[in-house]
Protein chains: 2
Amino acid sequence: MREVIRRQRYHHGNLREALVEAALALVEERGSPEFTLREVARRVGVTHAAPQRHFEDRAALVAAVAEEGFHGLRAHVESVAGLAKARDPAARLHALGVAYVQFAVRNPAHFRVMFTAELADKSRHPSLQAASRAMHDFLVQCIEDGQREGFFVEGDPLELAFAAWSLVHGLAVLLVDGRGMGRRPAPLIESVVARLHTGLLPRHRPKRKRRKH
Amino acid sequence: MREVIRRQRYHHGNLREALVEAALALVEERGSPEFTLREVARRVGVTHAAPQRHFEDRAALVAAVAEEGFHGLRAHVESVAGLAKARDPAARLHALGVAYVQFAVRNPAHFRVMFTAELADKSRHPSLQAASRAMHDFLVQCIEDGQREGFFVEGDPLELAFAAWSLVHGLAVLLVDGRGMGRRPAPLIESVVARLHTGLLPRHRPKRKRRKH
DNA sequence: ACCTGAACACCGTTCAAGT
DNA sequence: ACCTGAACACCGTTCAAGT
């Protein structure tokens, strides 16, 4: 039942894009971020050596799939945060965080490719780094806007952004890895992302209990 | 310069442990969570088919390495949180979080093995699941203790624990993946984990700005 | 310029055979 | 009971050759 399109033309015409798409489809179909160059080539209908013209090695194809993921993630996050623009910066940041986790939960395998350990050395893939950075910059912008209006605590915006990213990314990773304690994701996401704003401490600290000696 | 210990005895005696240790050493030496069964066998000095007696497949060895990681992580976290026992539950949770991230930063490759996508289906590895759960339970315990004394907000402790875990795990993952913005890890860890308690909102909300129509 | 087809060194897994 | 050695199907990468 596998649909392998064998190209009539000797030259594919757009092999690069076709390989990225095929890899992405493979990955999401079986829910695992792993794929081999050869199965991707088979799916597209070319020889296993054909990709070499377009991707220096397997890692380059993985990076291209990851890069497309970062673009999609950024588009989703920006559109959702844009809808929340009418509201205050805190609501916008909340929407941003929820959108981030939503993307991960909806595209789990793609999300895992984006953060696979094989790409840890991003210096080898500059355009991937740029795509990842673009999303980060948008987050920092949100934080800075909020700080200017007094909606967030003062301090280094990069540091606050990193804290926000940590919570949201950790939540995404844990959910994608099936560590969500079997709960429905949507309400869990809402409540966890909400903790980003208020933290775990009550608004009024309790009296220090007297320690029994 | 590679030290390959070829066993004199025909029977290794403790091949299972030796394989786990060799895999762990390999992984940390080169900073990547990937390893092949055959190179681990070579390092131990046995045939590539020998591991089959002790591990059903490669995934089983990966799971064993991950499991050891969870035990180590739990030991580190519990000892650090234990030292902070004299202080209040909030300080204890902070120490727990910092210890979690410290472990990841100090054993990056091992940490990545623990959360590799290959083990996403943990149901196949019950003892791994147990080791992971033990750490989670300790965290929940900390939250519940703190709530009883009024140090944390009220609400479902599992949900609060999941939020705490998300922040701390996300921070660990991002740092291990080299996304720490080039800063020294220690102060960044301190400040990000501290945000878990207070959140990003100031203690007093600003007046709502009047929106220009 | 772009792809094929064969070759190479490697891999995980299986299994009869050795001790 | 535990490991070896050969076999199998697969993999990423390279490269001369085809169109």
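Small disclaimer: the values here were computed from a predicted structure and weren't measured. (Residues numbered from 1 in each chain as written. Chains lettered and ligands numbered in written order. Predicted model: local features only at pLDDT ≥ 70, side-chain atom pairs only at ≥ 80, totals over all residues. Heavy atoms only, no water.)

Q: Is there a simple way to think about the packing of aromatic side chains in this case?
A: The way to describe two aromatic rings as a pair is by their centre distance and the angle between their planes. Evaluation of the coordinates by the stated rule reveals eight aromatic pairs over all chains. Centroid distance phenylalanine 162 of chain B to tryptophan 165 of chain B: 6.4 Å. Interplanar angle 80°. Geometry classified as edge-to-face. Of the two residues, phenylalanine 162 of chain B and tryptophan 165 of chain B both sit in helix H7 (residues 157-176), three residues apart, roughly one turn of that helix. Accessibility classification places phenylalanine 162 of chain B together with tryptophan 165 of chain B in one group, the buried group. Taken together through their ring pairs, the aromatic side chains of Phe70, Tyr100, Phe111 and Phe115 of chain A make up a single cluster. (Phe/Tyr/Trp six-rings, centres within 6.5 Å; stacked < 30°, edge-to-face > 60°. Helix = DSSP H or I, 4+ residues; strand = E, 2+ residues; numbered from the N terminus. Buried < 20%, exposed > 50% of the residue type's maximum accessible area, 1.4 Å probe, protein only.)

Q: Just checking my understanding: could you explain the protein's contact with DNA strand D for this structure?
A: The environment of DNA strand D is made up of 21 residues, and the closest members are Leu37 and Arg38 of chain A together with Thr47, Arg53 and His54 of chain B. Atoms of DNA strand D within 4 Å of the protein belong to the sugar or the phosphate in 54% of instances, the rest to bases. One nitrogen or oxygen atom from the main chain of leucine 37 of chain A is found 2.7 Å from a phosphate oxygen belonging to DNA strand D. The greatest single-element share of the surface near DNA strand D, amounting to three residues, is contributed by helix H2 (residues 37-44) of chain A. (Near = heavy atom within 4 Å. Polar contact = N/O pair within 3.5 Å; in protein donor to acceptor, adjacent residues only side chain to side chain.)

Q: What exactly am I supposed to notice about the domain arrangement of chain A here?
A: Interface size is often expressed as the accessible area that is lost when the parts come together. All names here are of chain A. Here the domain parsing of chain A yields domain 1 (2-53) and domain 2 (58-200). Look at where the C-alpha atoms of domain 1 and domain 2 centre, and you get two points 29 Å apart. Summing both partners gives a buried area of about 1,100 Å² for domain 1 against domain 2, and 72% of it is carried by carbon and sulfur. Summed over the shared surface of domain 1 and domain 2, the result is zero salt bridges. Linking domain 1 with domain 2 are three residue pairs in polar contact (both at pLDDT 80 or more). Mapped by element, the contributors of at least two residues to the side of domain 1 that touches domain 2 are helix H1 (15-30) and H2. Take the side of domain 1 that touches domain 2: its biggest share by element is seven residues, from H1. (Domains from an automatic or database assignment. Buried area = accessible area lost by both parts, 1.4 Å probe. Salt bridge = Lys/Arg side-chain N within 4 Å of Asp/Glu carboxyl O.)

Q: Hey, could you run me through the packing of helix H7 (residues 157-176) of chain A against H7 of chain B in this one?
A: Pairs of packed helices are described in terms of their axes, by the angle between the two and the distance that separates them. Packing of H7 of chain A against H7 of chain B brings their axes to within 6 Å, and their N-to-C directions diverge by 100°. The angle between H7 of chain A and H7 of chain B falls in the class roughly perpendicular. Contacts from Phe162, Ala163, Trp165, Ser166, Leu167, His169, Gly170, Leu171, Val173, Leu174 and Leu175 of chain A of H7 of chain A reach H7 of chain B at Phe162, Ala163, Trp165, Ser166, Leu167, His169, Gly170, Leu171, Val173, Leu174 and Leu175 of chain B. (Axes fitted to C-alpha atoms, helices over the stretch in contact; angles between N-to-C directions. Parallel < 35°, antiparallel > 145°, perpendicular 65-115°, else oblique. Contact = heavy atoms within 4.5 Å.)

Q: When you look at the confidence of the model for chain A in this model, what are you seeing that I'm missing?
A: Low pLDDT marks stretches whose predicted atomic positions should not be read closely. Residue and element names in this part refer to chain A. In this model, chain A carries an average pLDDT of 90, and 90% of its residues clear a pLDDT of 70 or more. Per-residue pLDDT stays below 50 along residues 1-8; that stretch engages in 12 contacts with residues further than four places along the chain or on separate chains. Contacts of residues 207-213 to residues separated by more than four positions or lying in other chains number eight contacts, the stretch itself having pLDDT below 50. (pLDDT = per-residue confidence, 0-100.)

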